[in-house]
Amino acid sequence: MRRYQLLVEFAARTPVLITTAVVAIALLVFAFPALPLGGELLDVRFGYSYADVNAAMSAYGEQGRRVYVWASLTLDTLLPIAYGGFLAGMLYRLRPRDGLWTLTLLPLAAGLFDLGENAQIVAMLIGYPDVSSGQVALASAFTQAKTCATLAAMALVVVFVVLALGRRWTRQRHG
């Protein structure tokens, strides 16, 4: 656990926070929307059904599925590292008490769920049209878990920012 804490301390450094934020934003705003898939990424939904996956896979076509596999193995492997590092670094840096550093495990979990989601999506893309409903359910569960963990980590960052601003305002007010 000490090694993880050292990693999070590194992630909380200003240059690392800036880098991870820029990488995550660049991927989300520029790279992913520019992918020539022929349909919406499964990753951005809050879950999906067997019918949803089959419709999406069909819409992507063979070329879109190849692009999606490449993007999942490269760009979408970098993304959870970037947003997970950023959120963990922010939680560590802004934590109101030392013991709360363990909350940085939440963005780590989000990143791990994201990687699990990617592995399942790649398996479905490669195996299409032989995709089972169980595989879709597992991929969808990873997607939902990733989304919940990411949103919870983001909410905690907002709470910690508000608390930090409140402490700063109180210190300034009282001298």
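A brief look at the structure comes next. This is a predicted model, so every value here is computed, not measured.

## Quick look at the overall build of the chain
Check the secondary structure of the chain and you find six helices and zero strands. Residues counted as buried form 42% of the 175 residues belonging to the chain. Of the accessible surface of the chain, which amounts to about 9,500 Å², a share of 68% is contributed by carbon and sulfur atoms.

## Some thoughts on the nonpolar core
In this structure, Leu42, Tyr48, Val53, Tyr60, Tyr68 and Met124 are the most contacted members of the largest nonpolar core, which totals 37 residues. If you list the elements that add at least two residues to this core, you get helix H2 (14–31), helix H3 (50–73), helix H4 (75–94), helix H5 (105–127) and helix H6 (133–173). With residues up to four places along the chain from it excluded, the contact list for Val53 reads Leu42, Tyr48, Met124, Val131 and Val136.

## Notes on unusual backbone geometry
The linkage connecting Tyr128 with the following residue, Pro129, adopts the cis geometry, with an omega of 15 degrees. Counting through the fold element by element, Pro129 comes out in the loop between H5 and H6.

## Here we look at the packing of aromatic side chains
Ring pairs (aromatic) are described by centroid distance and by the angle formed between their planes. Across all of its chains, the model carries two aromatic pairs by this definition. For the pair Tyr4 and Trp101, a centre-to-centre distance of 6.1 Å together with 35 degrees between the ring planes defines the contact as tilted. Within this pair, whereas Tyr4 is found in helix H1 (residues 2–11), its partner Trp101 is found in the loop between H4 and H5, the two being separated by 97 residues in sequence. Summarising the burial analysis for this pair, Tyr4 and Trp101 share the class buried. Ring centres of Tyr60 and Tyr68 lie 5.3 Å apart, and the angle between their planes is 75 degrees; this geometry places the pair in the edge-to-face category. A relative accessible area of 1% places Tyr68 in the buried class.

## Some details on the packing of H2 against H4
With their axes 8 Å apart at the nearest point, H2 and H4 run at an angle of 140 degrees to one another. Of the possible angle classes, the one that applies to H2 and H4 is oblique. At the point where H2 passes H4, the crossing takes the left-handed sense. Residues Thr14, Leu17, Thr20, Ala21, Val23, Ala24, Leu27, Leu28 and Ala31 of H2 touch H4, and the partners they reach there are Leu75, Leu78, Leu79, Ala82, Tyr83, Gly85, Phe86, Gly89, Met90 and Arg93. Across the contact of H2 with H4, the residue classes tally to 14 nonpolar, four polar and one charged.

## Some points on the environment of Met154
By the element assignment, Met154 lies in helix H6. For Met154 and Tyr83, which are 71 residues apart along the polypeptide, the C-alpha to C-alpha distance reads 10.0 Å.

## Considerations on the layout of surface pockets
Volume-wise, the largest pocket comes out at about 660 Å³. Contributing to the lining of the largest pocket are 30 residues, with Leu28, Leu79, Tyr83, Thr150 and Met154 lying nearest its centre. Broken down by element, the lining of the largest pocket gets its largest block of residues, six residues, from H6. Within this model, the second largest pocket holds a volume of roughly 320 Å³. In terms of lining residues, the second largest pocket is bounded by 19 residues, among which Leu7, Pro80, Ile81, Gly84 and Gly85 are the most central. Elements with a contribution of two residues or more to the lining of the second largest pocket: H1, H2, H4 and H5. The element best represented in the lining of the second largest pocket is H4, accounting for six residues. For the lining of the second largest pocket, the residue count by class is 14 nonpolar, five polar and no charged.

Cut-offs applied
Residues numbered from 1 in each chain as written. Predicted model: local features only at pLDDT ≥ 70, side-chain atom pairs only at ≥ 80, totals over all residues. Heavy atoms only, no water. Helix = DSSP H or I, 4+ residues; strand = E, 2+ residues; numbered from the N terminus. Buried < 20%, exposed > 50% of the residue type's maximum accessible area, 1.4 Å probe, protein only. Areas by Shrake-Rupley, 256 points an atom, 1.4 Å probe, with all protein chains shown as cover. Core = buried A, V, L, I, M, F, W, Y, C linked by side-chain atoms within 4.5 Å. Contact = heavy atoms within 4.5 Å. Phe/Tyr/Trp six-rings, centres within 6.5 Å; stacked < 30°, edge-to-face > 60°. Axes fitted to C-alpha atoms, helices over the stretch in contact; angles between N-to-C directions. Parallel < 35°, antiparallel > 145°, perpendicular 65-115°, else oblique. Left-handed = near helix turned anticlockwise from the far one by under 90°. Nonpolar A, V, L, I, M, F, W, Y, C, P; charged D, E, K, R; others polar. 1 Å grid on protein atoms, 1.4 Å probe; cavity = no way out; pocket = protein on both sides within 12 Å on 5 of 7 lines; lining within 4 Å. Points joined across faces, edges and corners; volume = space filled by probe spheres on them.

Function cannot be inferred from these measures alone, as they are strictly geometric.
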